[in-house]
Amino acid sequence: MVRISAFVIAACMMLIAGAAGFVVYVRFGFTGAESALVALGTLTGLAVYNTIAARKHDRVETSHQLANLARGSGDLAHQLAEFSRRLNTMEAKVDTVVDRALATTQPLAAEIEELSTMVRQIAGSAAAHETAQPNSDAARNGIGDDHPVIAVAETPSNAPGLARLPLTPMPAARAMPADRKVTPFAGLGRESIIATIRGAIDAGNVELYLRPVVTLPQRKLRFYEAVARLKADNGDVIAAGDFLPYAEAGLLVPKLDNFAVSRCVQIVRRLLLKNRDIGLFCNLTAATLADAGFAKLLEMMDANRAIAAALVFEFRQSAVRAMGPIEHASLATLAERGFRFSMDNLTDLRVNARELNERGFRFIKAPARLFFNRLGAASSDVRPAEFSDVLGRFGIDLIADHIENENTVVDLLDYDVRFGQGILFSPPRPRREDAIGATNAKDDEKTAEKAAEKVVQDDASYDVPLPQGAAHAAATEPAAELIPLARAIVRHG
């Protein structure tokens, strides 16, 4: 626009100068040269005037701009001054708050320091107490023999994850658990052993031993697990790890499972009379799911849907991985009736939690040593510290099995394990035959109620599960009760 207006003004000045030259040429009789000089002079005068007028206008415009800039600078200086004042006020307030916080936290810091000193003293006395105690843990704590695949606590030299556990080497001649005696199969052939087991099952010489599953770290009784024991004619009690291989070879496992499930149903009914928060794990095999007699077991479960929430069927990890369409269909029929499942005997942490949840699995039992064994954890995509959280996202609770000492309990708290099971809390204990046997339909109601009351009284003994010898240690040394707490506090700083 400025360039166009300049061209217009120049054109106008040339027209005016030309008109002036033409007028003096025509009107006053000037010659052509004189008229051109008049026109040029006129043009020059107009150009000088235009230049002076433009400069004056620019000077006025510049003065206005400088005035506006001065006002803006004044406003900015005022705002900076206000900001500086507010910043100084804020700094003064922050200093005051910091001084108050320091004054408030100094007594607390002193108390925390005193508490830390006391905890270290307690830890030192606890360590001295443990050193003075006989080395009885290794002698009395034996791992259950119901799952031979993970029955022995290994201490491999190339597993750094076990370095923080004060485990002692297992003696060559380890004491047998209280519920396990020498098997009477010595000197018998395979067929003779199978025949003996068949006769014991037919005669009903199968006992169910219960071992508790407690919450961690409160150790409150939450579940029982029923494990089968075979009672020989000579009174010996045969553990499942000794007779199950022969029972599987003789196709006796489905019959044994049906018998065990019927007994578990009786126990659950009596447990629920006193405490509806107690559940029972009942071990099943995949062979039972694929057996032709599964329909009989299914009929029994149909008649006992009311206790479905308290009865959990448990399968080994190897059996779950090897299940085919028939086994999956049997699991689905049980799940439709409200029964839940558990997977135990884990050899690694490679678990598809989503798939297990869809099939009705709500619990997973893993041996405690698997969390501290880097070789076992390396085969999984999930770190042991995240295993419980991964299962929890799909509604599956993690139970640590084969817990033998207090150190293991303290270490498991770092892995967010909610439930624990093992010889530390209580070994498997037998049920009273008179209490369970009072389930015949011909018995009157009063006899059944008395039997149920006796079972519940026996179960109440698990409410405070102490390891063998712990009651005496707690009575003689009060500091022993603070051992797990002191170790946890010192370990975490």
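Up top is the structure.
Computed from a prediction, not measured in an experiment: that's the story for all the values here. Throughout this description, residue numbers start from 1 for each chain and increase along the sequence as written. Since the coordinates come from a predicted model, pLDDT governs what is reported: local features require at least 70, and pairs of side-chain atoms require 80 or more to be given and counted, while whole-chain, interface and lining totals use all residues. Water and hydrogen atoms play no part in the side-chain values, which are based on all heavy atoms of the structure.

S.K.: Describe the overall build of the protein chain, and please don't skip the residues or the numbers.
M.R.: Per the secondary structure count, the protein chain includes 19 helices and ten strands. Contacts between residues were defined by any pair of non-hydrogen atoms, one from each residue, lying within 4.5 Å. Summarising the internal contacts of the protein chain: among those between residues at least 6 apart in sequence, 72% fall at separations of at least 24. With residues, only the protein chains shown are counted as cover, and all accessible areas are computed by Shrake-Rupley using a 1.4 Å probe. Summed over all atoms, the accessible surface of the protein chain reaches about 27700 Å², with 59% contributed by carbon and sulfur. In DSSP terms, a helix is any run of H or I states spanning at least four residues, a strand is any run of E spanning at least two, and both are numbered starting from the N terminus.

S.K.: Go over the pairing of strand β7 (residues 361-367), please, and point to the residues and values.
M.R.: Exposure categories follow from relative accessible area, calculated using a 1.4 Å probe and restricted to protein chains: below 20% of the type maximum is buried, above 50% is exposed, and the middle band is partly exposed. Extensive coverage of β7 is indicated by the burial of six of its seven residues. Paired strands are those between which DSSP finds at least two bridges. As paired elements, strand β6 (residues 340-344) and β7 share three bridges and run parallel to each other. The partner of methionine 343 across the bridge, within β7, is isoleucine 364. Two strands pair when backbone bridges link them, and β7 and strand β8 (residues 397-401) are joined in this way by five bridges, in the parallel orientation. What sits directly across from phenylalanine 363, in β8, is aspartate 397.

S.K.: Let's hear about the packing of aromatic side chains: which residues, and what values?
M.R.: A pair of aromatic rings is counted whenever rings of Phe, Tyr or Trp (Trp by its six-membered ring) have centres within 6.5 Å, and the orientation is called stacked for planes under 30 degrees apart, edge-to-face for over 60 and tilted otherwise. Enumeration according to the criterion identifies twelve aromatic pairs in this entry. With 5.6 Å between their ring centres and 50° between their planes, phenylalanine 313 and phenylalanine 339 make a pair best called tilted. Taken together, the residues span a long stretch of sequence, with phenylalanine 313 in strand β5 (residues 311-316) and phenylalanine 339 in the loop between α10 (325-336) and β6 at a distance of 26 residues. Ring plane angle 65° and centroid distance 5.6 Å describe the contact between phenylalanine 372 and tyrosine 415, whose orientation is recorded as edge-to-face. Here phenylalanine 372, found in helix α12 (residues 369-372), pairs with tyrosine 415, found in the loop between α15 (406-412) and β9 (419-420); they are 43 residues apart in sequence, far enough to count as distant. No difference in accessibility class separates phenylalanine 372 from tyrosine 415, as the two residues are buried. Through a chain of ring-to-ring contacts, the aromatic side chains of Phe223, Phe281, Phe363 and Phe419 assemble into a single cluster. We call a charge positioned above a ring when the Lys NZ or Arg CZ atom is no farther than 6 Å from the ring centre and deviates by at most 35 degrees from the ring normal. The cationic tip of arginine 222 hangs over the ring face of phenylalanine 223; the distance from NZ or CZ to the ring centre is 4.4 Å. The ring of phenylalanine 281 carries the charged tip of lysine 365 above its face, separated from the ring centre by 4.4 Å.

S.K.: Go over the pairing of β5 with me, naming the residues and quoting the values.
M.R.: Burial runs high along β5: five of the six residues are buried. Of the pairings in the sheet, the one linking strand β4 (residues 279-283) to β5 comprises four bridges and is parallel in character. Paired with phenylalanine 281 across the two strands is valine 312, which belongs to β5. With five bridges connecting them, β5 and β6 associate as parallel partners. Along β6, the bridge assignment pairs valine 312 with arginine 340.

S.K.: Would you mind going over the pattern of salt bridges in detail, with residue names and values included?
M.R.: Put simply, a salt bridge is a Lys or Arg side-chain nitrogen that is within 4 Å of an Asp or Glu carboxyl oxygen. Following the criterion strictly, the structure yields 16 salt bridges and no others. For aspartate 302, the salt bridge is made with arginine 305, and the minimal N-O distance between the two is 3.3 Å. Arginine 383 is the partner of glutamate 386 in a salt bridge, and the nearest nitrogen-oxygen pair spans 2.5 Å. Here the salt bridges do not stand alone but share partners, grouping Arg211, Glu225, Glu314 and Lys365 into one network.

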